Structures are given as structure tokens and as C-alpha cells.
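Chains, contacts and geometry: an overview
Letter by letter, the chains look like this.
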There are 2 protein chains.
Amino acid sequence: MDNIKNYVQQHKQRFIDELIELLKIPSVSADSAYSQDVINTADAVKASLEKAGCDKVELCETPGYPIVYGEKIIDPNLPTVLVYGHYDVQPPDPVDLWTSPPFEPVIRKTELHPEGAIFARGACDDKGQMYMHVKALEYMVQNNALPCNVKFMIEGEEEVGSPSLAWFVERNQEKLANDVILISDTGMISNQQPSITTGLRGLSYVEVEVTGPNRDLHSGLYGGAVANPINILAKMIAQLHDENNHITIPGFYDKVEELTREERDEMAKAPFSLDAYKKALDIEDVYGETDYTTNERNSIRPTLDVNGIWGGYTGEGAKTVIASKAFAKISMRLVPDQDWNEITELFTKHFTSIAPKGVTVKVKPHHGGQAYVTPIDSIGYRAAAAAYEESFGIKPIPVRSGGSIPIVALFEKELKSKTIMMGFGLDSDAIHSPNEHYGIFNYMKGIETIPLFYKHFTEMSK
Amino acid sequence: MDNIKNYVQQHKQRFIDELIELLKIPSVSADSAYSQDVINTADAVKASLEKAGCDKVELCETPGYPIVYGEKIIDPNLPTVLVYGHYDVQPPDPVDLWTSPPFEPVIRKTELHPEGAIFARGACDDKGQMYMHVKALEYMVQNNALPCNVKFMIEGEEEVGSPSLAWFVERNQEKLANDVILISDTGMISNQQPSITTGLRGLSYVEVEVTGPNRDLHSGLYGGAVANPINILAKMIAQLHDENNHITIPGFYDKVEELTREERDEMAKAPFSLDAYKKALDIEDVYGETDYTTNERNSIRPTLDVNGIWGGYTGEGAKTVIASKAFAKISMRLVPDQDWNEITELFTKHFTSIAPKGVTVKVKPHHGGQAYVTPIDSIGYRAAAAAYEESFGIKPIPVRSGGSIPIVALFEKELKSKTIMMGFGLDSDAIHSPNEHYGIFNYMKGIETIPLFYKHFTEMSK
């Protein structure tokens, strides 16, 4: 324990500098304009794994961006940890809301990060958190402290729904064989109170297109006489929730797991201040499904949100036009037992059925993933809890998160092993938003904690 | 009559070439990137009036773009016609839907324009229709056929609501004194059946902004727990119409003039094919206020349409974000007796009131104008009707249009004279849309018909 603390302290500046170099490459997987940058990032991750001490590192081709695979096998009889992470990042827009450019990392202090935080797209999600594992390996190799085998699988399409990962995992079950999967791509309650994510929501992401007249029309001449695709789209979106903010898609809740009163009471014990939450977001009140608390709404309940909408004239000034088409990107967060393919079908059927005559509707499924729950009595969870306790001096709390890492359910299905989500980010790190950042404290604490997981997991597996 | 026909035939190619030069200048008043082009267009219009025979032409400065003023006073005792038009154009976007670039005019034949039509932004609205008056003056001056005085007032801000025109008119009542105002900025039923617009709808144009959380959020972590500004905006827009497509803003209909059954029956006599209308727009059905016909919905009834909407991620691929803000541009077409300032206030009050806690709403009024009706027993209307009948060989039909020329009501108030709307465009000319065009037949017929109006108006005024 002292060893790792000392090592991290000694190499702190280099660890930060290396991460900053990685963050400078704009690996935006959603936008094909950045495709060369995404590939360059894969190369950089490959080089870093070689340098950290992996024996075998390769770029595995897929139908999409390559997956970086690395391994260090010290003894086939020892357990194997498979580390999963991603080297791609979310699009940085709206770019004008960033205080400093998204791909020119800078360190600034914040209220929650008095030691400073690195501001850059991907700082927390997921380059910073993924790179902790690379540096933890470096420590273990340099100090003869690696107690088991390790494999890395770092992909470049997580932010667009991992379309190639299932393809890769299905074809490489032996290569990826492991005893536990370790991911740092989630958050914890605070730097004083670590937590481990034990549940993830599933996801169905679709794009809808509403077409009215076959061309843009003058709103003076046609206004009021034809279906305006924007008004209709607004009306259709509004109909997706009822007055209690329940989702109205028939069958949507059929398979939703209802938690017992006891389970909900247990959840309610996690520290949470509604006032602080509202203040942090600068909102007068929260908003959501009747009869559920804020923490329930964003973890154990499925949701439907419009992530983007556009149509008609959106430039400077005024244009009196009735657009021919209007569009929206809509995502649904799902909970255990909801199947994302089934939900996508239910959505498509319902959304198409509520369109009035005079418009036509297309629904294009983007991607999706199943929800997941980690059992807290598993060796993996217990090892992670012990690692946090040793590193932070306080027991971590298990929490169910609202986010989705769609491939976790896939891993369980294909690789028959449990996933442990050791996240070190904070909610306030603004992932997917302008000014994303990752605390220096969190980055260093992650590098310290990971080798302890290896130690406890190996011991508990004996 | 033969004279003018011959003159137009003889100079046809030059008339077309001159208009094409004017259409090449992208005078988009809504976008400040084009401001020099707007000014260059004013210069070109000024030069054309000088060349056509005006004695005095000037660029009148305003708080916005200059107004081109020109006059030819032949005898203070004779009547004076004031020609109004505009040299600015609508933004050309979506540019990728244009068959040829919007500011590189080309002539193509269409089903309705077998002689060919000029395709360019502004071809019909309003450079083409405005320039007919310049060429009609040229004919009258060249052939000693000008029977009265003429003044021109051509502005450059019509497409953004004429913010400087009221300022100018109020300060120049004597300069602009006239007996009748003549505008060609509307359409007619068909090339075989001319019509004169006797009613215009008013307009209130606003932009709304809905703000939720103070930054973009990850939809996994916050989805379902905070008000999503896009969902809320959609819901608020949906609430602006009830199930009968009546507008729900309290007080909105209070001053709406209800037409009698007789008046509505008279209107219904205008030739109209609902099947042809649906076919032309490629829609399965029309859509609008219950208990009104299509022609009533777009002329004698007020309407509310979203002209543009945007928020969140609208790029390629998927981004799981809850946007901090969502926006829409909304316009309301108004009918006689509705005051646009009052309607803008009613909208603002109502829209703000329906916002749930958790979001804040801003409403920014863009511009507006009052509705207008021209009496068909006025000298101006009768002179125009006689001119069309002489030129087309068939009596024109008076029609009420759904469009707005917000300054017509202002003219009546400030200049105490009636406005006659002699429009030569067709509905299918795609004004405000990609592939705007103006028929060569219509352009030439306009130049032929205008001098006949001068002749009849002067005679009837004796």
C-alpha cells in the first residue's frame, strides 16, 4: 500500500502529462470527420499498453474502429482480470460553451477539486479512467506486484453504442476468457464517500423523422391548412408522457422490475440533498414520474428523453416557413428485464400509430443495450469493496446508476463472467457536456486503488 | 395596349437579363453576413430607377437598410401612384434542396410555365415583381404614356418585418403623399384566371427559449429526474392547439371577425380542387381547424405555426445528452381586428404561464403587422380590375390571402390611402422555399398590365 502511494507520488507529473497527450487527440466516434483521430488514439493506447508491460498487444480489426487488445499472462492457473474501457469520446459541441478548447487540456482548480482537475473532452469519460488501469499495470509490473493475469480490451465505439464489440466478443471468447471484468466508466458519490455502481440502465436510441408537405412552404399561404411537421412532432413527443410523467407507449412497463418497499427504503439511505442537487443545476424544482424520488427516477425507473430536435429555420432572424420535415433523436433508459430490441419495436409501433394523416413518420433505431445488475455477494464486488476501503479508509456504498454501458449484459452472456464497475468520476465532472473534467485526486486515487483490487481478488479467489 | 405589347416583346430579352443581374446579388436581410450585398442591391435598384426615367432618385438612410426613393412628377394636379416593393430576399436555406444555386439564376420550363421561369431566390418575391414596375415606368416614359405622377419606395427589410419602414413613413408623409399605393408582392389564381388580393393576414413572430439545468447533462445520470427543456418545449407547443386545432391562448379569438354564411359561400365559389392541392403537396390529407375549409383556414382564420425548432444534439450519430436549452421560432397569422402587439402580449403571457417548475422561459418578439382588407368598390380596386381584364381578357377575382405584408395597415394609417395588391406570382412559385421561380409569362404580363392600371386610375380619378 505504501509502495503504490509512493510510486504514484513519484510519477504523478508524468502520469498527468501522458494523459494530457492522449486527451489532445479528438477521437469523436460519432462524427466521421474525426475518423483518422480515432484511429490515431487506438495507436496511442496500443503503445501505452506495450510500454506499461503487456506481453502481447494488438489492434484487432472490426467492421468499425479497431479494438486494442493487450495481455500479460503470468500463470495460467491464476485468475484473470479483463479490463474494459473505451478510447473514443463524445462530440464536444456546443463548443462555444467550453471555457477552454475541448481538445487542449488545461488544469484548473474547482470547489470539488482543490488539487486541480484536467479539463478536456474525454478527461473522465473514459480516457482518464481507462488510463488509470494502464498506469496501475505499469506499477504492478515495475514492482513485481502483479498477482494474477490481466487482459485489456479497449474499444473505440462506446459513445455510438459499441456496434462492433458484440461482433468481436462473439468471435474471441477464448482469447477474452476471464474470471472478472473490470470497468472504470462510472462515478462515485464524492471524494470522501466512494461508491461502486451495481446497476446500469439499458438503452434504446432512435431517430425520428416527420414529413409533411413535399417542400418547404410559405407559412402565410399554407399556415393553418396543412399539417406542420414541427407542430406535429411536438404534439407526438408530448403524447409520449401522461400527466404523471408515465411513458404512454403500450407495453413499455410490462417487464419493469418493481422494487419492494424494503429495497426502496434501503436505497433512500444513500446520502442525498435535494436542495444541493437543485442548486447545482440551478433549477427551481425537479421534474419526473409521480410517486418516485429523484434517486429512484434516475436509477430504477425507465425514462424517455429527447436528446436533440431540429426542423425549419434555425438561423438568425425570422423566416416564415412551414418546413417539409422535422427530426428528433430520442433515447429511452431501460431497467432490468426490459429488452431493448422489444422496447425499440414498441416505440416504433406506437410513434407511427399516433401520427395524424397528412404526415409520414420514419423511425430509425440507432443502437441500444440491456440493463444490468451486479450481485454484491460476488467475489468481484467484495474485492472491489475491500480495495476502496483500504485506499479511501471508508467502506464504499453500492449504488444503482441511471447510465448505460450497453455491453455489460453482453459480457455476461458471452463471457459468463461478472462485471465490476469501479468508477472514480464525480457527477459534477460534466461528462457529455461542455467543460468535462477529471480530478487529479480521482485519477491518482484510481491508480492506487486498482492494484488493491487485483490483490484482494486473487486472494479471495484461492 | 398594342404599343405596350410590342414594346415588351421587343425588349423581352433585355428585361430578363436585367432582372437576372439583380437576382445574382444575395440580398438576404435576415443574415448580417450578407449586409454588403443588401446595400449593393439598393444601389442597383437606384440606378435602375434613374435609367427608367425617374427625375429624382435617392437612397434614404434609416436605422437599418436604406430605402430607395424615386419619383417622376409630371403635374401636381394629376393623381399620384406610390409603388412599394422590396429588394431584400428570404434566406436561401436549405441550400442543398435547390436544383441550381439560389443566386445563379437559370431559366427552366415547368408544367405551369411552358415559356420558362427564372429560378433564383427573390425571382418572384419580390425582385421580379418589383422590377416589373421599373420596366413599366420605362415603357411609359419612353412612349409618352405616363398619365399621372409616380413615386417609388423600395425597401430592404421586408423579409425581417420592415423594422425601419414605419420610422421612415412617419417622417416623410409629405414626400410620400399619394392617391393610391400599388404593390406587386402577392399571387394570382393561375395564368388563365387572374385575381387581386383584397385581404392580408397580420403577423406576430416570436422566438422562445426554454432553459432547464444550467448545463448540458448526461441523459443516463439525469434522465427522468429533471425537466428536459426539449420535452417541455414540445409539450408547451402541443398545448397551444386543442383537439379541434383551435388555438388555446386565452383571448386570442376575442377580436376575430367572424364572416357571415353568405360571405363564406361567396368565397367558396373560387375555383379550388382539394385533390389537386393534396397532390401538389404530396400529402394524404389536409389538417387544420375543425369546421373550416382549406381556403378559409388559410385566409379568414388566424393560425399558429412553428417555423423553426432546435435544441440538443443534432449532428451525425447519437449523443445521450439532456440539453440545457431548447428554442423555437413561432409565428401567428392574424385576421382583421386582431392587434399584433396585443396578440404578442397574450402569447407571451400564456406561454410563460404554461411552463412547469424546473424550467424558465423567455419570449422574444421578433416583429409583426396588422391584417388588412381592401374595399372592392374603391377607385384603386376598380382600376386594377379593369387593367387585368384588358390585359388577360378575363375579369380578375378578388381573393383574401393568408400571407402578410405587415406595412399595408401602416400605410393606411400614416398616408391615408388605400393599397392595391396587383400580384402576378403563382402559389407554386415556391417563394420562401428552395427552387423559387417566376414565370417569364408572368413577368411580361405584369409589365403589360401595370401601365393599364395607371391609365384607368387616372381616368377614374377625374
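Under an unreviewed UniProt entry, the name given to chain A is Dipeptidase, and the source organism is Flavobacterium album.

Taken across its ten residues, strand E11 (residues 303–312) of chain B has nine buried, putting it largely inside the fold. Where strand E11 (residues 303–312) of chain A and E11(B) come together, five bridges link them in antiparallel fashion. Among the inter-strand pairings, A:Gly311 is bridged to a residue of E11(B), identified as B:Ile309. Judged from the eight bridges that link them, E11(B) and strand E13 (residues 325–334) of chain B form a sheet pairing that is antiparallel. Considered in E13(B), the bridge of B:Asp305 is made with B:Ser331.

For the match of chain A to chain B, the screw axis carries a shift of 0.0 Å, the RMSD comes to 0.1 Å, and the turn is 180 degrees. One copy is carried onto the other by what is essentially a two-fold rotation axis. When the interface residues of chain A are mapped onto chain B, 100% of them again lie at the interface, so the same face is used by both copies.

What follows covers the pattern of salt bridges. Within the structure shown, the criterion is met by 50 salt bridges over all chains. A:Glu50 is the salt-bridge partner of A:Lys46, the closest N and O atoms lying 3.3 Å from each other. Taken together, the residues A:Lys46 and A:Glu50, both in helix H2 (residues 35–52) and four residues apart, mark about one turn of the helix. Taking the relative accessible area as the measure of exposure, A:Lys46 reaches 24% and is therefore partly exposed. For B:Glu138, the salt bridge goes to B:Lys135, with nearest N and O atoms at 2.6 Å. Placement of both B:Glu138 and B:Lys135 in helix H3 (residues 127–142) is noted, with a separation of three residues, approximately one turn of the helix. Side by side, B:Glu138 and B:Lys135 carry an identical accessibility label, which is buried. Salt bridges sharing common partners tie together A:Arg14, A:Glu18, A:Lys135 and A:Glu138.

Residues and elements named next belong to chain A. Spatial ordering of the open sheet is given by E4-E5-E18, a layout of three strands whose pairing is antiparallel. Only two strands of the sheet have a single partner each, and these edge strands are strand E4 (106–108) and strand E18 (437–439). Sheet twist, expressed as the mean angle between neighbouring strand axes with direction ignored, is 30 degrees. Sheet analysis places E4 next to strand E5 (residues 117–119), joined by three bridges and oriented antiparallel.

Another aspect to go through is the interface of chain A and chain B. With 90 residues of chain A at the interface, the matching set in chain B holds 90 residues. With both chains or domains summed, chain A and chain B bury close to 7700 Å², and 52% of this area falls on carbon and sulfur atoms. When the area that chain A buries against chain B is broken down by residue, the three leading residues are A:Tyr287, A:Ile309 and A:Lys319, summing to 10%. The interface formed by chain A and chain B includes 45 residue pairs in polar contact (both at pLDDT 80 or more). Sort the elements by how many residues they give to the side of chain A that touches chain B and E11(A) lands first, with ten residues. Residue composition of the side of chain A that touches chain B, grouped by class: 35 nonpolar, 34 polar and 21 charged.

It is worth spelling out the domain arrangement of chain A at this point. All names here are of chain A. Taken as a whole, chain A is organised into domain 1 (2–200 + 371–461) and domain 2 (205–257 + 300–368). Taking only C-alpha atoms, the centre of domain 1 and the centre of domain 2 are 35 Å apart. In this assembly, nine residues from domain 1 lie in contact with eight residues from domain 2. Note on domain 1 versus domain 2: buried area summed over both sides is about 630 Å², and carbon and sulfur give 55% of it. If you look at where domain 1 meets domain 2, you find zero salt bridges. The interface formed by domain 1 and domain 2 contains zero residue pairs in polar contact (both at pLDDT 80 or more). Taken together, the residues of the side of domain 1 that touches domain 2 sort by class into four nonpolar, four polar and one charged.

What counts, and where the lines are drawn
Residues numbered from 1 in each chain as written. Chains lettered and ligands numbered in written order. Predicted model: local features only at pLDDT ≥ 70, side-chain atom pairs only at ≥ 80, totals over all residues. Heavy atoms only, no water. Buried < 20%, exposed > 50% of the residue type's maximum accessible area, 1.4 Å probe, protein only. Helix = DSSP H or I, 4+ residues; strand = E, 2+ residues; numbered from the N terminus. Pairing = 2+ DSSP bridges. Least-squares fit on C-alpha atoms with pLDDT ≥ 70 in both. Contact = heavy atoms within 4.5 Å. Salt bridge = Lys/Arg side-chain N within 4 Å of Asp/Glu carboxyl O. Axes fitted to C-alpha atoms, helices over the stretch in contact; angles between N-to-C directions. Buried area = accessible area lost by both parts, 1.4 Å probe. Polar contact = N/O pair within 3.5 Å; in protein donor to acceptor, adjacent residues only side chain to side chain. Nonpolar A, V, L, I, M, F, W, Y, C, P; charged D, E, K, R; others polar. Domains from an automatic or database assignment.

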